[in-house]
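Structural overview
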Amino acid sequence: MVEEGKNNADKQPDINEGNGSRSEDITTIEIAATISVRELADMLEVSAIDIIKQLMRNGIMANINQVIDYEVAAAIAAEFGYEAHPQPLTARRHPSVISEIKKQQLLSEESINLKPRPAVVTIMGHVDHGKTRLLDAIRQANVMDTETGGITQHIGAYQVEIDGKKITFLDTPGHEAFTAMRARGAQVTDITVLVVAADDGVMPQTKEAIDHARAAGVPIVVAINKIDKPDANPERAKQQLADAGLVVEEWGGDIVCVLTSAKSKTGISDLLENILLVAELENLRADPSQPAKGVVIEARMDKTKGPLATVLVHDGTLRLGDMVVTGSTWGRIKAMFNDTGKRIRKAKPSSPAVILGLHSIPQVGDAMTAVAGERQAKALVRDNQEQSQRESKVVSLTNLFDQISTGDVKELDIILKVDVQGSVEPIRASLEKLATDEVQVKTIHSGSGNVTESDVMLAVASKGLVLAFNTKIEAGAQKLAEAEGIDIRSYKVIYDLVGDIEKALKGMLTPEFVDVVEGRAEVRVVFQGAKHSKIAGVYVNEGKVSRGASVRVRRNDQVVLESSVISLRRFKDDVREVAAGYECGVGIKDYNDIRVSDVLEFFRKEKAG
């Protein structure tokens with residue numbers, strides 16, 4: 001940020017020259033009635049530190065998240081050569097990336113009945129850094145006296161209250177669940193709390209969580225946890241966070257950082273107060289008088305009650321008796337419960353509620369909408385199904401140029417996995433140089449190690465693709481990519497990797513044939529066949545096996561052979577195919593080294609994209 005301020009020296013006075021002087025070229029800007037220091041710095045294209053220094057010269061002490069009024073902001077803008085005017089009430093600033101819940105707010109701001117709503121918060125971080133314990137500490141510290149026995153039922157979300165203001169916490173296992181919801185179209189989080197253990201510091205999953213939160217475009221609050229441990233080193237953790245791109249406020253950055261101990265309950269109140277401060281800056285609002293809109297965050301079948309869905313209302317008010325649509329199902333709400341298991345008659349914006357009355361179990365991430373009646377419900381279900389089919393097309397290198405040409409893709413999001421960390425920057429730099437006027441190339445996550453399911457899920461959520469350089473693809477990740485249609489490309493030469501992306505952007509990439517896995521089977525016994533051949537007695541775990549299909553033999557997760565199925569038998573009969581759940585004998589062309597516990601992967605070649 002300091003460099004950014006220096007780069008703009010030609011359009012602003014030197015801040016060390018007292019009050020400065022106006023530039024010859026006056027630029028006109030519009031400023032809202034209130035604006036944070038950070039927002040003003042972004043608007044003036046200067047460092048936030050420069051803004052803070054100028055405020056100090058005017059007798060105002062403020063941090064980067066402090067909100068100042070129009071008169072003060074206009075005076076500061078004048079010092080940097082800008083002429084300020086009040087922003088019209090109809091003008092709205094749209095961040096380049098905003099959450100779906102925030103988009104809903106912006107779309108509904110023509111309403112005259114907007115009211116502040118609680119922030120929706122997700123806690124993420126590395127495993128064992130104290131996410132669950134921190135959530136428990138927050139929950140226990142805010143359980144009302146009347147709620148004897150604490151929380152009576154787990155519904156995936158709960159609300160706490162501090163100084164008369166509420167905060168809604170999503171109780172998710174981590175960034176995988178967070179991103180899985182985004183992948184299904186539900187970006188419900190307003191703020192992410194990143195938990196970092198003071199003794200461990202920034203770990204691989206911490207970096208993943210940072211990238212997942214950035215991809216979602218939500219503000220991050222850091223909780224450095226476990227500060228009471230003997231080997232705790234919060235300063236080292238802050239340095240590692242800075243290295244990962246998160247510079248805390250006390251180091252001149254814009255990231256709110258709180259020291260906590262979930263074990264001793266230290267810093268919990270401070271954390272909640274800072275969440276409220278960030279929420280205030282986000283200016284979260286909704287119209288409680290409108291029909292309810294929200295999202296499904298949990299769903300299950302209850303043996304006695306039938307389909308149950310936990311929904312988070314983000315606009316309007318959900319009421320008992322409302323007709324609602326969630327994805328491809330609908331129904332009238334017969335009963336509704338809050339996060340303590342108490343029956344309720346309505347749920348306001350940012351409130352979680354369990355609803356009973358849907359005809360079937362919805363999918364987590366499905367949008368929920370209250371409608372006037374059954375006819376509207378059925379029509380909306382049809383619209384949802386059609387929209388789901390339209391949006392199901394993911395980006396691949398083969399179809400990239402076509403999607404750019406039709407305007408469907410303006411940014412190519414890449415998840416990059418490499419063998420060693422030193423390879424990341426050269427590849428990232430080479431890829432981002434390929435950006436054109438039509439499309440930006442952005443590496444939203446990078447790291448060393450195998451391609452994991454988390455990488456694939458992030459690609460699903462961001463409609464991106466995965467590039468693997470000199471590294472392996474985990475079996476679970478491969479399966480998920482096949483199911484979701486995600487393009488994973490493996491390379492051993494940087495020139496080939498960059499070259500393929502460049503060709504794809506220009507529509508010159510030769511169509512690639514990819515392997516589509518049709519089934520998998522485990523070898524449980526090996527028989528002697530005719531003419532010294534070996535027959536694998538297998539159990540088909542998933543999909544199917546067909547005579548003539550291509551087959552890949554995996555041993556200890558390593559591919560030892562690719563060939564084809566030359567014989568397929570059930571008992572003594574030759575058969576054309578065998579489905580999952582059955583045993584059969586498989587003969588593999590030109591291969592006699594088959595062993596018990598080998599995994600056979602049956603596949604076909606298909607044109608990519």
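Structure: see above.
Attention now moves to the sheet that holds strand β22 (residues 440-448). Pairing in this open sheet of four strands is parallel, and the strands run β22-β21-β23-β24 from one edge to the other. The two strands at the open ends of the sheet, each matched to only one other strand, are β22 and β24 (488-491). Adjacent strand axes in the sheet meet at a mean angle of 25°, parallel and antiparallel pairs treated alike. Across five bridges, strand β21 (residues 411-418) lies against strand β23 (residues 465-469) in parallel orientation. Within β23, the residue paired with Lys417 across the bridge is Ala468.

Here the focus is a positive patch on the surface. Together, Lys166, Arg319, Lys346 and Lys348 line one region of the surface with positive charge. Relative to the elements of secondary structure, Lys346 occurs in strand β18 (residues 346-347). In this structure Lys346 comes out as partly exposed when scored by relative accessible area, which is 47%.

Right, let's talk about the nonpolar core for a bit. If you look at soluble globular proteins, the nonpolar side chains tend to sit buried side by side. Counting 28 residues, the largest nonpolar core has Leu134, Ile138, Ile167, Phe169, Val193 and Leu271 as its most contacted members. Of all elements in the fold, only β6 (119-125), α6 (131-141), β7 (157-162), β8 (165-170), β9 (191-197), β10 (220-225), β11 (256-259) and α10 (268-282) reach the threshold of two or more residues within this core. Sort the elements by how many residues they give to this core and α10 lands first, with seven residues. Ignoring any residue separated from it by four or fewer positions in sequence, one finds Val193 in contact with Val121, Thr122, Ile123, Met124, Val221, Ala223, Leu271 and Ile275. Formed by 22 residues, the second largest nonpolar core is a distinct cluster that contains Ile51, Ile68, Tyr70 and Ile76.

The next thing to look at is the packing of aromatic side chains. Each pair of aromatic rings is reported with the distance of its centres and the angle of its planes. Applying the stated rule across the entire model yields one aromatic pair. Centre to centre, the rings of Tyr158 and Phe169 are 5.9 Å apart; their planes meet at 25°, and the pair counts as stacked. Of the two residues, Tyr158 sits in strand β7 while Phe169 sits in strand β8, which places them 11 residues apart along the sequence. Taking the relative accessible area as the measure of exposure, Phe169 reaches 0% and is therefore buried. Sitting above the plane of the Phe603 ring, Arg552 keeps its charged end 4.2 Å from the centroid.

Before going further, it helps to examine the environment of Ala74. By the element assignment, Ala74 lies in helix α4 (residues 70-79). Look at Ala74 and you get buried, because its relative accessible area is 18%. Between the C-alpha atom of Ala74 and that of Glu30, which follows or precedes it by 44 residues, the distance is 9.2 Å. Every residue in contact with Ala74, bar those within four places of it in the chain, is listed here: Ile31 and Ala84.

Let's shift gears to the packing of helix α8 (residues 204-216) against helix α14 (residues 453-462). Look at α8 against α14: their axes get within 11 Å of each other, and the N-to-C directions meet at 10°. With respect to α14, the element α8 is oriented roughly parallel. On the side of α8, the interface is formed by Glu208, His212 and Ala215, while α14 contributes Ser454, Asp455 and Leu458. The residue makeup of the contact of α8 with α14, split by class, is two nonpolar, two polar and two charged.

What follows concerns the pattern of salt bridges. One pass over the full model with this rule turns up 23 salt bridges. Between Lys417 and Asp455 there is a salt bridge, with the nearest N and O atoms lying 2.8 Å from each other. Note that Lys417 is positioned in strand β21 and Asp455 in helix α14, a separation of 38 residues in sequence. Residue Lys417 shares its accessibility class with Asp455, and that shared class is buried. One salt bridge in this structure joins Glu577 and Lys544, with 3.5 Å as the shortest N-O distance. Of the two residues, Glu577 sits in strand β30 (residues 577-579) while Lys544 sits in strand β26 (residues 534-546), which places them 33 residues apart along the sequence. The exposure class of Lys544 is partly exposed, given its relative accessible area of 30%.

About the criteria used
Residues numbered from 1 in each chain as written. Predicted model: local features only at pLDDT ≥ 70, side-chain atom pairs only at ≥ 80, totals over all residues. Heavy atoms only, no water. Pairing = 2+ DSSP bridges. Helix = DSSP H or I, 4+ residues; strand = E, 2+ residues; numbered from the N terminus. Axes fitted to C-alpha atoms, helices over the stretch in contact; angles between N-to-C directions. Patch = residues over 30% accessible without salt bridge, like charges linked within 9 Å, V, L, I, M, F, W, Y side chains within 5 Å. Areas by Shrake-Rupley, 256 points an atom, 1.4 Å probe, with all protein chains shown as cover. Salt bridge = Lys/Arg side-chain N within 4 Å of Asp/Glu carboxyl O. Lys, Arg positive; Asp, Glu negative; His and termini not counted. Charge placed at Lys NZ, Arg CZ, Asp CG, Glu CD. Buried < 20%, exposed > 50% of the residue type's maximum accessible area, 1.4 Å probe, protein only. Core = buried A, V, L, I, M, F, W, Y, C linked by side-chain atoms within 4.5 Å. Contact = heavy atoms within 4.5 Å. Phe/Tyr/Trp six-rings, centres within 6.5 Å; stacked < 30°, edge-to-face > 60°. Lys NZ or Arg CZ within 6 Å of the ring centre and 35° of its normal. Parallel < 35°, antiparallel > 145°, perpendicular 65-115°, else oblique. Nonpolar A, V, L, I, M, F, W, Y, C, P; charged D, E, K, R; others polar.

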